[in-house]
Amino acid sequence: MRGALIGCGFFAQNQLHAWRDLAQITAICDRDPQRLAETAARFGITRTYDDAARMFADGGFDFVDIATTVPSHRPLVQMAAAAGVHAICQKPFAETMADARAMVTAAESAGITLMVHENFRWQSAIRRCIDAVRGGAIGTPFFARVSFRSGYDVFSGQPYLATDQRFIIQDLGIHILDIARALMGDATRITATTRRINPAIRGEDVATMLLQHAGGATSVVDCSYATRRVPETFPETLLEIDGDRGTLRLDAGYRLTLPEGSSDLSPPVLPWASRPWHNIQESVLLIQRHFLDCIAAGIQPETSGADNLRTLALVEGAYLSAAEGRSVALDEL
Ligand code: NAD
Ligand code: 89Y
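Residues numbered from 1 in each chain as written. Chains lettered and ligands numbered in written order. Predicted model: local features only at pLDDT ≥ 70, side-chain atom pairs only at ≥ 80, totals over all residues. Heavy atoms only, no water.

**Observations concerning the packing of helix α4 (residues 73-83) against helix α5 (residues 97-110)**
Then step 1. Two elements in contact, α4 and α5, have axes separated by 9 Å at closest approach and are oriented at 10°. By the angle class used here, α4 and α5 are roughly parallel. Of the residues in α5, those touching α4 at His 73, Arg 74, Val 77, Gln 78 and Ala 81 are Ala 98, Asp 99, Ala 102, Met 103, Ala 106, Ala 107 and Ala 110.
Then step 2. Looking at the contact of α4 with α5, its residues break down into eight nonpolar, two polar and two charged. (Axes fitted to C-alpha atoms, helices over the stretch in contact; angles between N-to-C directions. Helix = DSSP H or I, 4+ residues; strand = E, 2+ residues; numbered from the N terminus. Parallel < 35°, antiparallel > 145°, perpendicular 65-115°, else oblique. Contact = heavy atoms within 4.5 Å. Nonpolar A, V, L, I, M, F, W, Y, C, P; charged D, E, K, R; others polar.)

Below, the structure is given as structure tokens:
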């Protein structure tokens, strides 16, 4: 498979490292000339563009990896659909549910595969827990706590996180909500509270969310970037899941405890990766491989655009709930 990538920023560097083991990236695009030139030199890519439309017009690739921030996602996915090119789009998938639905429709009409780069459920420790729960290791789950609490400085690498009106739910909570879905099934209702603790940022940096799942289970999804922890656990998601035959815990330090005992699920540090990001970086390789495998098999990726509508609805529902001080049924959205 030959690919192209749009958006040569902070996180795309991980995606390009991972592609080296999976596919040939023939062209890259960024409207920032310095980022474009630096990334082209780093990865030895000679076809460069400052305009995505021109890159699609020139073609020569089977898929496009959209690694830009959210405002450009809808037009770029629609360009991919018009060009008949499979697409991976970074999270958050879209700014509104209407945009997201239009993107899914465009992909379906064009017959392309559209996957959202929703990688946290592909972290190897999380994956192992999802497999254990789905495999019945704790029986039928009735409660989950899915928790991400940190004081790590994410603003130095991603300055827009400090200035966007929405912060933790849209940026990070979206992953944690998606993990809750992967573990407990689809949610029908959400209730949320939000706070801003850090006065130097615009959006909320604490969110506490209560989910009701279709099968009757409940999840608490709690996220904070205002938590000073020793030791710091960024970027680990911690789990506690009760089932009718036992409890699963994923504790700090990637320690898994199941009814039959404990094990260490520390992820590998890939040759191009660095701590503490190695957990996320490994998941980039795994989700990008999943995308190619799904195209080859002619099946939908686990986090297809259509699937991600349900994660995005949880994000929108959480903001609505916090703003109006009420519980929100997802079929309202
Ligand atoms: P960034 O601002 O560092 O990089 C984005 C790049 O896209 C910039 O260089 C910008 O010039 C370019 N760009 C924007 N619109 C463009 C357009 N229309 N055409 C060409 N280039 C365009 O952002 P980032 O921190 O790398 O984040 C990118 C996306 O990745 C965000 O949506 C973010 O939420 C997501 N992200 C995901 C993870 C994860 O684990 N999945 C981690 C970090 C960031
Ligand atoms: O942008 C975020 C993401 O997707 O994972 C972690 C992050 O980089 C900062 O919250």
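**Description of the UniProt feature "domain: GFO/IDH/MocA-like oxidoreductase" (unreviewed entry) in the protein**
Then step 1. Cross-referencing UniProt, the feature "domain: GFO/IDH/MocA-like oxidoreductase" (unreviewed entry) maps to residues 128-249 in the present numbering.
Then step 2. In residues 128-249, helix accounts for 23% and strand for 35%; the two terminal C-alpha atoms are 12 Å from one another. (UniProt positions renumbered as here; feature names shortened; annotations may be inferred.)

**Quick notes on the site of ligand 1**
Then step 1. Lining the immediate surroundings of ligand 1 are 25 residues, of which Phe 11, Asp 30, Lys 91, Asn 119 and Tyr 160 lie closest.
Then step 2. Interatomic distance of 3.3 Å between a side-chain N/O atom of Arg 31 and a nitrogen atom of ligand 1.
Then step 3. With respect to ligand 1, the side chain of Tyr 160 contributes an N or O atom lying 2.7 Å from an oxygen atom.
Then step 4. The fraction of the free accessible surface of ligand 1 (850 Å²) that becomes covered by protein chains is 90%.
Then step 5. The residue makeup of the shell around ligand 1, split by class, is nine nonpolar, 11 polar and five charged.
Then step 6. Residue contributions to the shell around ligand 1 reach at least three from each of two domains, namely domain 1 (2-112) and domain 2 (120-332). (Near = heavy atom within 4 Å. Polar contact = N/O pair within 3.5 Å; in protein donor to acceptor, adjacent residues only side chain to side chain. Areas by Shrake-Rupley, 256 points an atom, 1.4 Å probe, with all protein chains shown as cover. Domains from an automatic or database assignment.)

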